[in-house]
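In case you want the letters, here they are:
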Amino acid sequence: MAASSRTGISRKLWMLASAVVLVIGLYTAGWFYAASVLRENTLALLGQQTDAGVSATCENADYRGYPFRIGLFCSKVTVDDNVNGISGSFGALRSAAQVYAPSHIVWELDAPSEVRTSHGLTVSTVWQSLQSSLNTKLRGVERASIVLEKSKTSIVSSAIGQSFDVAADHSEIHLRQNGDDLDAAIQLTNATTTAEGLPQLLPPTNASVDVTLAGRGGVLDGSDQNGLAMQGSEGELRHFKVDLGEGQVLTLAGPFSFDDRGRMSGKLKLRIEKIEAWQQSLDQAFPDFAPTIQTAANMLAALGGGSDASIDITIRRGKVLAGGLIPIGEIPPI
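Rules of the game
Residues numbered from 1 in each chain as written. Predicted model: local features only at pLDDT ≥ 70, side-chain atom pairs only at ≥ 80, totals over all residues. Heavy atoms only, no water. Helix = DSSP H or I, 4+ residues; strand = E, 2+ residues; numbered from the N terminus. Buried < 20%, exposed > 50% of the residue type's maximum accessible area, 1.4 Å probe, protein only. Contact = heavy atoms within 4.5 Å. Areas by Shrake-Rupley, 256 points an atom, 1.4 Å probe, with all protein chains shown as cover. Core = buried A, V, L, I, M, F, W, Y, C linked by side-chain atoms within 4.5 Å. Disulfide = S-S within 2.5 Å. Salt bridge = Lys/Arg side-chain N within 4 Å of Asp/Glu carboxyl O. Phe/Tyr/Trp six-rings, centres within 6.5 Å; stacked < 30°, edge-to-face > 60°. Pairing = 2+ DSSP bridges. pLDDT = per-residue confidence, 0-100.

### With respect to the overall build of the protein chain
In step 1: For the protein chain, the count of helices and strands is four helices and 20 strands.
In step 2: Taking all 334 residues of the protein chain together, the buried fraction comes to 35%.
In step 3: Of the contacts formed within the protein chain by residues at least 6 apart in sequence, a portion of 51% connects residues at least 24 apart.
In step 4: Counting every atom, the protein chain has about 18000 Å² of accessible surface; 57% of that belongs to carbon and sulfur.

Now the structure itself:
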């Protein structure tokens, strides 16, 4: 073979090898860039908003899955909102996305989690499994879904000196941007609620919530300057439903707001079906209050004209009033 022919072949091989190396280099650079975007989007969903004083950290961050998957692993995740006095800590996080669909991210988070506020509210949660998926756009997270199995949440408020435990066999949380607003839907299956020093409040219950927070769509993509705080927020409770089975249904709906101190106000419509069945359930949970429960049941039946009743609930800076006049409780600041 002539020397010129060998030289031509060698040049072509060199050019081919160079092209392969260049493609691999560009792909690798793109993979690590996509990995960094994955990290930013995942932490944004957990609350990171640097401009609003909210920081989220991923301890011992490790990227895995090259070359066909992009995965972010953290040994622990923490979130701190220094402006509003909110902090949270979570267990190990594992997230991943396919290279050909980097905008769709799936992730898992290990228990336990703990969230504290400067108002003395502590929320601690453990679960058997937590799986989530989120869809992103150019600016950040647009939609997110979370599914928990066998969860138990303890809520402690130093403001009222009371603690509650809420457990559920299955829980779902769905969040999405709706223009400037944030839509949220929550569903609990076989949920139980207990309070310290009291028997189980109700039998296993199915519950669901559908709510819109006006102007808070930026919570998902990290552009909301209010960070994680609810102070100054307002919205519409489109649907809150508690179903004990056998027709025992309670629903609540209406507008609400929070002032700059985290106190809730609102005008809600409460509807109770099968009042007598509710009375029997509450009598079993609170036998010492049976006469009071009987009086309340009779009043509700009179208002509703039968076994079902509707009543207006007014909340004024945390104080709950039935019919706008009768005090029935207080909601602590959040």
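Additional details are given in the paragraphs that follow.
### Some points on unusual backbone geometry
In step 1: Following A111, the chain continues to P112 via a peptide bond in cis, the omega torsion being 0 degrees.
In step 2: Here P112 is to be found in the loop between β7 (101-109) and β8 (113-117).
In step 3: At K150, a position not held by glycine, the phi torsion is positive, near 55 degrees.
In step 4: Relative to the elements of secondary structure, K150 occurs in strand β11 (residues 141-157).
In step 5: Residue class for K150 comes out partly exposed when judged on its relative accessible area of 47%.
In step 6: Its identity is not glycine, yet N190 carries a phi of approximately 50 degrees, on the positive side.
In step 7: Looking at the secondary structure, you find N190 in strand β13 (residues 181-195).

### A word on the nonpolar core
In step 1: In this structure, L109, L130, F256, L270, I272 and I313 are the most contacted members of the largest nonpolar core, which totals 47 residues.
In step 2: What F256 contacts, discounting residues up to four positions off in sequence, is V211, T212, L213, E234, G235, E236, L237, M264, S265 and G266.

### A short note on the side chain of S233
In step 1: By secondary structure assignment, the location of S233 is in the loop between α2 (218-221) and β15 (234-245).
In step 2: Of the residues examined, S233 reaches a relative accessible area of 4% and is grouped as buried.
In step 3: Not counting residues up to four positions away in its chain, the partners in contact with S233 are R216, S257 and F258.

### Description of the state of the cysteines
In step 1: This model, assessed by the stated rule, comprises one disulfide.
In step 2: With a sulfur-sulfur separation of 1.7 Å, C58 is cross-linked through a disulfide to C74. Measuring the twist about the S-S bond at about -95 degrees, one finds the C58-C74 disulfide to be left-handed. With C58 in strand β1 (residues 54-59) and C74 in strand β3 (residues 69-74), this pair connects stretches of sequence that are 16 residues apart. Across this residue pair, the class does not change: C58 and C74 are buried.

### Some details on the environment of W107
In step 1: Along the chain, the position of W107 falls in strand β7.
In step 2: Between the C-alpha atoms of W107 and A97, which are ten residues apart in sequence, the distance is 8.8 Å.

### With respect to the pattern of salt bridges
In step 1: Scanning the entire structure with this criterion turns up ten salt bridges.
In step 2: One salt bridge in this structure joins E114 and R116, with 3.0 Å as the shortest N-O distance.
In step 3: A residue is classified by how much of its surface remains accessible, and E114, at 28% relative accessible area, is partly exposed.
In step 4: In this structure, D312 and K269 form a salt bridge, with 2.7 Å as the shortest nitrogen-oxygen distance.

### Looking at the packing of aromatic side chains
Each aromatic ring pair is summarised here by two numbers: the centre-to-centre distance and the angle between the ring planes.
In step 1: As enumerated under the stated definition, the model contains one aromatic pair in all.
In step 2: Seen from their ring centres, F256 and F258 are 6.0 Å apart, and the 75 degrees between their planes marks the pair as edge-to-face. As far as the burial class goes, F256 and F258 line up, both buried.

### A look at the pairing of strand β5 (residues 86-90)
A regular strand places its side chains so that they alternate between the two faces of the sheet.
In step 1: Of the two faces of β5, only one is covered, namely that formed by I86, G88 and F90; the face formed by S87 and S89 stays uncovered.
In step 2: Here five bridges tie strand β4 (residues 76-81) to β5, and the two strands are oriented antiparallel to one another. From the neighbouring strand, D81 faces β5, where its bridge partner is I86.
In step 3: Following β4, the chain reverses through four residues before pairing antiparallel with β5; G85 in that reversal takes a positive phi of roughly 70 degrees.

### Points about the confidence of the model for the protein chain
In step 1: When pLDDT is averaged across the protein chain, the result is 77; 76% of the residues are at 70 or more.
In step 2: Per-residue pLDDT, averaged within each element of the protein chain, yields its smallest value for helix α1 (residues 3-46) (58) and its largest for strand β14 (residues 205-213) (91).

### Quick notes on the environment of A101
In step 1: For A101, the location among the structural elements is in strand β7.
In step 2: For the pair formed by A101 and N135, sequence separation is 34 residues and the distance between their alpha carbons is 9.9 Å.

### Re the side chain of Q248
In step 1: Mapped onto the secondary structure, Q248 falls in strand β16 (residues 248-258).
In step 2: Every residue in contact with Q248, bar those within four places of it in the chain, is listed here: V242, D243, E273, K274, A277, W278 and S281.

### Brief notes about the pairing of strand β10 (residues 129-136)
In step 1: Of the two faces of β10, only the one carrying L130, S132, L134 and T136 is buried; S129, Q131, S133 and N135 on the other face are not.
In step 2: Inspection of the sheet shows β7 paired to β10 by five bridges, in the antiparallel sense. Bridged to I105 within β10 is L134.
In step 3: Pairing geometry for β10 and β11, over eight bridges, is antiparallel. Bridge pairing in β11 links N135 to R143.

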